[in-house]
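# Inside the fold
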There are 4 protein chains.
Amino acid sequence: MKRKICVVITARPSYSRVRSALKAIHQHENLELQLVIAGSALLDRYGNAADFIKKDGFVANAKVFMVLEGENPTTMAKTTGLGLMELTNVFYNLQPDAVITIADRFETIATSIAAAYQNIPLIHLQGGEVTGSIDEKVRHANTKLADLHLVSNEDARERVIKLGEDPEMVINTGCPSIDLAREIINEPKLTFDPLEKYGGVGKRIDWQDGYIVVMQHPVTSEYAESRQHVMETLYAVAESGIPAFWFWPNVDAGSDGTSNGIRTFREKKDPENIHFFKNMDSLDFLRLLKHSKMIIGNSSAGIRECSYLGVPALDIGSRQHRRLKAENVCHVGYNRKEILEKIMELNGKGHFPSSTIYGNGDSGKKIADILSAVKLTSSKSIHY
Amino acid sequence: MKRKICVVITARPSYSRVRSALKAIHQHENLELQLVIAGSALLDRYGNAADFIKKDGFVANAKVFMVLEGENPTTMAKTTGLGLMELTNVFYNLQPDAVITIADRFETIATSIAAAYQNIPLIHLQGGEVTGSIDEKVRHANTKLADLHLVSNEDARERVIKLGEDPEMVINTGCPSIDLAREIINEPKLTFDPLEKYGGVGKRIDWQDGYIVVMQHPVTSEYAESRQHVMETLYAVAESGIPAFWFWPNVDAGSDGTSNGIRTFREKKDPENIHFFKNMDSLDFLRLLKHSKMIIGNSSAGIRECSYLGVPALDIGSRQHRRLKAENVCHVGYNRKEILEKIMELNGKGHFPSSTIYGNGDSGKKIADILSAVKLTSSKSIHY
Amino acid sequence: MKRKICVVITARPSYSRVRSALKAIHQHENLELQLVIAGSALLDRYGNAADFIKKDGFVANAKVFMVLEGENPTTMAKTTGLGLMELTNVFYNLQPDAVITIADRFETIATSIAAAYQNIPLIHLQGGEVTGSIDEKVRHANTKLADLHLVSNEDARERVIKLGEDPEMVINTGCPSIDLAREIINEPKLTFDPLEKYGGVGKRIDWQDGYIVVMQHPVTSEYAESRQHVMETLYAVAESGIPAFWFWPNVDAGSDGTSNGIRTFREKKDPENIHFFKNMDSLDFLRLLKHSKMIIGNSSAGIRECSYLGVPALDIGSRQHRRLKAENVCHVGYNRKEILEKIMELNGKGHFPSSTIYGNGDSGKKIADILSAVKLTSSKSIHY
Amino acid sequence: MKRKICVVITARPSYSRVRSALKAIHQHENLELQLVIAGSALLDRYGNAADFIKKDGFVANAKVFMVLEGENPTTMAKTTGLGLMELTNVFYNLQPDAVITIADRFETIATSIAAAYQNIPLIHLQGGEVTGSIDEKVRHANTKLADLHLVSNEDARERVIKLGEDPEMVINTGCPSIDLAREIINEPKLTFDPLEKYGGVGKRIDWQDGYIVVMQHPVTSEYAESRQHVMETLYAVAESGIPAFWFWPNVDAGSDGTSNGIRTFREKKDPENIHFFKNMDSLDFLRLLKHSKMIIGNSSAGIRECSYLGVPALDIGSRQHRRLKAENVCHVGYNRKEILEKIMELNGKGHFPSSTIYGNGDSGKKIADILSAVKLTSSKSIHY
C-alpha cells in the first residue's frame, strides 16, 4: 500500500521550488503523489503554473479557484478562508496519508489548517527562516501546525527546534530549488534567446554581452509604498544602462502598486535597456540567472538559487531581511542612488564560488526517501 | 479618540472567561468595546451565550453564524474557513484598532488570521499554556500570529518568550476568570437552589449535604473514543452514590460521542444520584463549584477557577495534561475503577487554601489598562 | 462515450424520491452516473441518507458538508451559498455532461446555479408544482435556471410551459417515487415488525389491528408557529387512541420548533398510543404506509405515493396546498378538534382505488431513456 | 418609523442605472436608504463605482469583496456563492424592511436568495426583459424569487405577469437610467473635453466634428468567441475612419477575451481614429452619447438611454437580442464588413425623435413613492 502524499501548489514560484521533490515523490515506489493546483497557480495573470505543471507531466487530482480580486489585505484574508473551506473538502475526498504545505505565502496556512484539523499529518517545507512582513507570521504559524519539518538549511533547523518542535521531526533536506540549479549549473552559455522564446514587451535589448535580471515583489506590510519602492529600482536600472530582463511580480496585496509602477514607468519613460517578461519556464529562468551579471530586487532566487549558482544578488528592502545568506548577496535600501551605486560596483566583479548552504542538489530525493520511511503522526506537544 | 478594541466571542466558555475584561474595556475612558458574537455562542444547542451577553448589558456590533453541522474534523476545518471569511468582512467594516482572540478553540485562529492579514494589531489572551490535541497546535499558532500576549500565569509567560516573542510584548495579567471567582469566594453558602433555578433533567437529587460537579468535554484528537471515555466517568460517578450535578459538553468534533454517551446512560441506567444541566450563569456556576465537594472531568474550571477557590479537582484524561496546576488538582486516566477510588479518596479531604497562580482577581482591569497604554503594532520578527 | 449524468442528493427524502431513476441511469448502457452526496444527507441528525445510498450499492463521487447550524432563515441562506461554492468546484472537477437538481428544497438552487453558470445542461426533476412557503419560490426559480424539465404530472407539465419554457423540453415522466410504491403494492401484509426492526422511542404500541402514520414538517415561512402547529396534531393523534407511528421531521428552518414540540409532548404527556421513529428504509416506509389506516401530517408521501397506494391522507396546513391531489387526500387546518374529527371519519372508510396521476411506476426507466437520447443544451430564451 | 430599503450595488453600470432611484429613496421622508457596495463595484479594474458613489454623497452601510479572479464560468458561480454567504450576513445585521436587487447580472441572484430565504420582501428592478446568455436565466429566476416587480417598460410588465406573478405587484415605473438622460437632454453641446477630463489611452483624436461611441461586452455563453467578436468591431471602426471613443468592458466571464482583443489590436494596429477610456461619470457618459453620431456595440445604453436621447444605435450580436427597442436601433451580426456598411449608412442620417418606451425621466421618484406605500410581503404563490 503506497503512502498517499498530497501536495498543494498555490503559486508559480512555489511550484518551481518543489518541482524536483514532486518528481521524486511521483517516481518513488512506496509513494503516490496527489497533486492539488490552487489559487494563483491557476490564473493567467500570475503565469498560470498549471500549464507548466501539465507540460512537466503531472496530473492534478483537483483544481481550486480561490483568489479574490482586489489584491489588498482584506481579499488576502478572504482568499485564505475560501481556500481553507475548499481544501478541507478536497482532502476529505482524497484521503491522503500526509499533506505538504510549502513555505510562507499567506494562503499556505489554509492548507495547514485543513490538514491539521482533519488529523492528517502535516509536513511543512522550508520553515524556520526569518523575513519581515506577514510571511513571517504565516511561516511560524505553519510550523506550529505541522508535524514534520523539512527545512532547507541548518540555521532554519535550529530555529524550528527552538520553537519547541521535536528535534527528530526537524530535518535539513536542503532546498529542492537547488536541485534544478544543479541541472543547469554546468551549461557553458545561455542555450536560448529569451526574446525569441518568450516574447515579452519593451525594447529589444542587446543582451549577448551581459545583462542583469530584475524581480521585485510588493512587501505586504508596506502596502501603500509598493509603487514608490519599485520606482526607485526602475530609475536605478534604467540609469545604469545595462541591458536588463525584468520579471513582473506575483499575486499579493500591493502587487497592483508594484505592477502599476512598472506599467506607468514603461509607458512614460520607455526605457532603452529594459525588456519585460511575465514569466518563464523554471529551468530557463535559472539558465538566464546563471549567465547574468547579477540579480536585482527582492526575489528569494537571489538568496537561494544564486548562492548555489554563485551569481551576485543585490537584495533591495526588507523582504529577505534575516534570511540565511551566502557571500553572493549584498543589501541596499529603497533608494535609487544607492541602488545604482551598488549595481555599478557589482558590475565589474564577476561571479562567486558555489555555496551549498541551501543544499547540494539532491533535496527532492532526500524528501521522498524521508516521506516513505518517517513515522507519520498528527499529534504533538511543545517540547518545553 | 478612543481606541477601538474588538473582541470576538465564539463560545460560551470563552465568554465566561473574559467577562471581567469586557466590562473593564467597556468602562475604560480611553477604550471603546466592539463586540462580535459568533459561532456556537449564537446557538441554542450550545447554551446560547448571546443571551447571557445581552443580559449582562453588552450590545453586539455584529453576529456571525458560522458553525457547520456534523461535529467532525472536516466540519471543524470548514467552520474555521467560513469564520475567517466572515470575520474578515466584519473587521473590514468595523475598522478596529486592535482585535482580541481568546485562548485555543479551533475557530479562534479565524479571528487571528482575519486580523493579522489585515494588519490589525492582534492580542492573544491565554497563550503559552500546554495541553494535548488540536488546541495545542491552535494555541501556539495563535501566538505566532499575535502581536501582544496577555497570558494568565508565569509558566505561560516564559513559554511564549521561548517561542521567540518580544519579552516586552508578553505580560502576565492573570486569568480574567479568576476575577469572577473573586466576586463570590467569600459567600458562606450556596445562595440559590440549582434545581429550582435551572431545572435541568434527571433525578431530583438531595444536594444540601454535599455534592460534586461533573463536566467532561470530548478530546478532539480522540474523536472515536469520546463515547467510551465519558462512559467510564458516568459509571464511576453513579457508583459513588454522591449527589452530582453534571453539565453537558460544549461544541466540538466528538461532542456527539460524549453527548450520546450521556444520553444513552441516562435513558438506560437512570442514575439515582445525577442531575443534568445544559448550562448556567457563570457566577452561579462558580458558586456551585465553591460549595461543592469537588469537580470531576476535564474542564479547565477545575484547573483555573478551582485553584483560586481551593476546590479539589479530579482531572480525567489528556485534555488538561501539562496545564499549570495548583495543589488542588489530582489526575486519573479513563478508568471507572480508578476514577471511583479517587472520588472516594477526595470525598473526605475538604478544600485547599486559595492559590493565585492564575491571578488574584484583577485581571480584567489590568488588561484594560494595558490596552489603553501599550504601543499597538501589527509587525514583528522572531527574536532569535 | 457515455453521457455523464451528475445527480446531487442533499437530503434523505430527495434520495428516496429518485432512487429508481438513479438505478436506471446507473444501469443504462449509454449513461454514466456521477453521484454527489451533500448537505443533510450526510448528517446523522437527519437520518444519514449516505448510509442508505451505500447500502443500495451506489458509490459517491464526492461528498460535501455544507449545512450550517442554527436551523433558521439566516443559516438556510448561508448553507445555500456555501453549497453553491463547493458544488461549483465539484462540477468543475467532475466535468459532467448534465446535472440533475431535484424538486424544491432550499439548497437545490445551489446545484442549479453551479451548473447553469458553468454552462452545464441542467435538468430539473419535479418542477411545475405549487405549494406555499419558500419552496414555491425555489421551485420556479429552478425551472427558470433549468434547460430540461422532467415533471411528475400533467398539471405540472402545463404550468412549466406557461412559465415560458420550450414545450419540447418539458416531459411528464411521472414521479420516480411511484416506482418504489409499485414494487410493494401487491404485498398482502406488512412483512416486518417496525418495533423490532427499527427500535425508535416511546410506548410499545399494538399495531397489528391497524395503525396510522404521522409525518409533519415545519413550514418555513411560518417559522415561529411550527411548535404550535405540531402540538395540535400531537393532541389530536393522542386523543384518537389509534396506534400511531410518528416520524421526526427533516432539516429545515423551524425544525427545531417542530422537534421541540414533539420532544416536549413526549416527555410531558408520554402518550400511550404513539411510537416515534427517526427514519426508515424507503421501501419499508412504503410498506408501512400501504398497510396503514391513513397518513396524517403534511408529508408529500400522502399526496404522491399514497395516491398510487390508495391510502387515505389527512393533509394538515399549508405545506401541500395546491399540489395536484387524487381522491385519497382530504384537508384540514391546524386545529386539534378538526384534526381529531377527520381522523375518526377516515378511520372507518378503508382505502381508495390506485390513481396514476403521479405515474404508473416506470418513471426511473423513462428518465434514463430520455437522458440518453435528448439533445442537451445550456442555452435558452423565454418562449413569449 | 421609516422603512429601511436596502439596495445592493454590485457593478458600475448597475449604479448608473439606479442612481436617480437611490437619490429619491434617500430624500423620501418615509424611507431610509441602506446602501451595500459589493463585487466589482469595489474594484479598480472595473472602474471602482465606490468612488463615484461616495462623490455623489452616499454612504455605504457595508462593503463586501466577493469577486473571484479567473473571469470564467467557474469563478462566476463561486463569486455568487461567496456573495450569497456574505450578503446574508449583511442583511441579518442590517435588518432591512425590503431589499432591492437590480436587473440580471450573474451575482444579483445572490442578493435575491439572501433576502428571500430570510423572509425579507424582495424587490426586483428591470425584470421581464428578454436577452440571450446566462443573464436570461438569472433575470427570470430573480423574478420568481421577488415579491414586487418594478419593470421599465410595458412589454416587460406583460411578460412578468405571464410568468405567473400577481398583476398588482408588477408596476411599470420606467427605467431610472432615463432620469439621468433627461437631466442632460437639452444641453446644446458637449460641455467638457473628454480627452482633457478623462485622459484614457490611444491616439488623440479630433472629435469636434463628430464622433462615435463604442462599448462591447463579452457574451458569457460565447466565452471562447469573445475575442473574435470584438475584433470584428475593432476592424470595422478603424476602417470607418470616424473618430471613436471606445470604452472597456465590465467584469464578466470572457471579459479577458474581449479585453485581450482590444489590447492586442491597440498594440499591433495602433488605430489612428480610436481613443480608449476605462470609464466615465455617468452624466458625462450620457452627454458624450447625446452629442455623438451613434453608439456601436452591445451595451444596453444603446437600447435604453439612446432611445430617449434619439441617438442611433448599431447593436451587434446576440446580447440585446429581444430587448424592447425603439426605432433608433438597428442590428448587425459579428461581421466586420456588415458592421462597416451599417456605420457608413447611419453616419449620414442624424438623430431620431425621443422615445419614451423606457420612461420619461421620473422613474426614481415613482420607485420611491411606491416603496413608501406598497404592502411589503415575502410570501407568494404562482397565479395559475
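Residues numbered from 1 in each chain as written. Chains lettered and ligands numbered in written order. Predicted model: local features only at pLDDT ≥ 70, side-chain atom pairs only at ≥ 80, totals over all residues. Heavy atoms only, no water.

Named according to an unreviewed UniProt entry, chain A is UDP-N-acetylglucosamine 2-epimerase originating from Christiangramia oceanisediminis.

## Focus: the sheet that holds strand E9 (residues 212-215) of chain D
All names here are of chain D. Our working rule: A pair of strands counts as paired when DSSP detects no fewer than two bridges linking them. Secondary structure counts use DSSP, requiring at least four H or I residues in a row for a helix and at least two E residues in a row for a strand, with both numbered from the N terminus. Between two residues, a contact is recorded if the distance between any of their heavy atoms is within 4.5 Å. Every angle, taken between N-to-C directions, lies between 0 and 180 degrees, and every axis is a line fitted to C-alpha atoms, over only the stretch in contact when it is a helix.
Reading across the sheet, the 7 strands line up as E8-E11-E10-E9-E12-E13-E14 and stay open at both edges, with mixed pairing between neighbours. Pairing within the sheet leaves two strands with one partner each, and these edge strands are strand E8 (201-202) and strand E14 (329-332). Pairing geometry for strand E10 (residues 244-247) and strand E11 (residues 274-277), over 4 bridges, is parallel. Bridge pairing links alanine 244 to isoleucine 274 in E11. Taken strand by strand, helix H14 (residues 336-347) contacts strand E12 (294-297), strand E13 (313-316) and E14, and its axis lies near 160° from that of E14.

## A word on a positive patch on the surface
Applied cut-off: The patches reported here contain residues having more than 30% relative accessible area and no salt bridge. Joining distances are 9 Å for like charges and 5 Å for nonpolar side chains (Val, Leu, Ile, Met, Phe, Trp, Tyr). Here the open area of atoms and residues is found with the Shrake-Rupley method and a 1.4 Å probe, where only the protein chains shown may cover a residue. By definition here, a salt bridge exists when the distance from a side-chain nitrogen of Lys or Arg to a carboxyl oxygen of Asp or Glu is within 4 Å. Only four residue types enter the charge count, namely Lys and Arg as positive and Asp and Glu as negative; His and the chain termini do not. A charge is said to be at NZ when it belongs to Lys, at CZ for Arg, at CG for Asp and at CD for Glu. Each residue is assigned to one of three classes by its accessible area relative to the maximum for its type, calculated with a 1.4 Å probe on protein chains only: buried under 20%, partly exposed between the two thresholds, exposed over 50%.
Side chains of A:Arg263, A:Lys278, D:Arg263 and D:Lys278 sit close together on the surface and give a patch of like positive charge. Turning to its location among the elements, D:Arg263 is positioned in helix H10 (residues 255-269). You can call D:Arg263 partly exposed: its relative accessible area is 41%.

## Some details on the relation of the copies chain C and chain D
The condition that has to hold: We superpose the copies by least squares over the C-alpha atoms of residues that have a pLDDT of at least 70 in both of them.
Superposing chain C onto chain D takes a rotation of 180° combined with a translation of 0.0 Å along the rotation axis, leaving an RMSD of 0.0 Å. Both copies of the chain, as the preceding transformation shows, are related through a two-fold rotation axis. A shared binding surface is used by both copies, with 98% of the interface residues of chain C retained as interface residues in chain D.

## Some words on the interface of chain C and chain D
Here is the rule: Put simply, buried area is the surface a 1.4 Å probe can reach on two separate parts but cannot reach once they are joined, added for both. Under this definition, polar contacts are N or O atom pairs within 3.5 Å; protein pairs additionally need one hydrogen-donor-capable and one acceptor-capable atom, and for neighbouring residues in sequence, both atoms have to be side-chain atoms. For this scheme, ten residues count as nonpolar: Ala, Val, Leu, Ile, Met, Phe, Trp, Tyr, Cys and Pro. Four count as charged, namely Asp, Glu, Lys and Arg, and the remainder, Gly too, count as polar.
At the interface, 45 residues of chain C touch 44 residues of chain D. On the chain C side of the contact with chain D, C:Tyr117, C:Lys137 and C:Tyr384 bury the most area, a combined 22% of that side's loss. Summed over the shared surface of chain C and chain D, the result is 2 salt bridges. The shortest N-O distance in the salt bridge between C:Asp147 and D:Lys137 comes to 2.7 Å. Put simply, chain C and chain D have 22 residue pairs in polar contact (both at pLDDT 80 or more) between them. Counting only elements with at least two residues in the side of chain C that touches chain D, the list comes to helix H3 (73-94), helix H4 (108-117), helix H5 (133-145) and helix H6 (154-162) of chain C. If one sorts the elements of the side of chain C that touches chain D by residue count, H3(C) sits on top with 13 residues. Partitioning the side of chain C that touches chain D into residue classes produces 21 nonpolar, 15 polar and 9 charged.

## Some remarks on the domain arrangement of chain A
Residues and elements named next belong to chain A. Going by this rule: Where each domain begins and ends is defined by an automated method or by a domain database.
Domain parsing of chain A yields domain 1 (3-174 + 361-373) and domain 2 (183-347). Look at where the C-alpha atoms of domain 1 and domain 2 centre, and you get two points 26 Å apart. Taken together, the 29 residues of domain 1 in the interface contact 26 residues of domain 2. Carbon and sulfur atoms make up 47% of the surface buried where domain 1 meets domain 2, a total of about 2,500 Å² over both sides. Joining domain 1 to domain 2, the criterion identifies 7 residue pairs in polar contact (both at pLDDT 80 or more). The set of elements that each furnish at least two residues to the side of domain 1 that touches domain 2 consists of helix H1 (12-27), helix H3 (73-94) and helix H5 (133-145). Looking at which element gives the most residues to the side of domain 1 that touches domain 2, the answer is H1, with 5 residues. When grouped by side-chain class, the residues that make up the side of domain 1 that touches domain 2 number 8 nonpolar, 10 polar and 11 charged.

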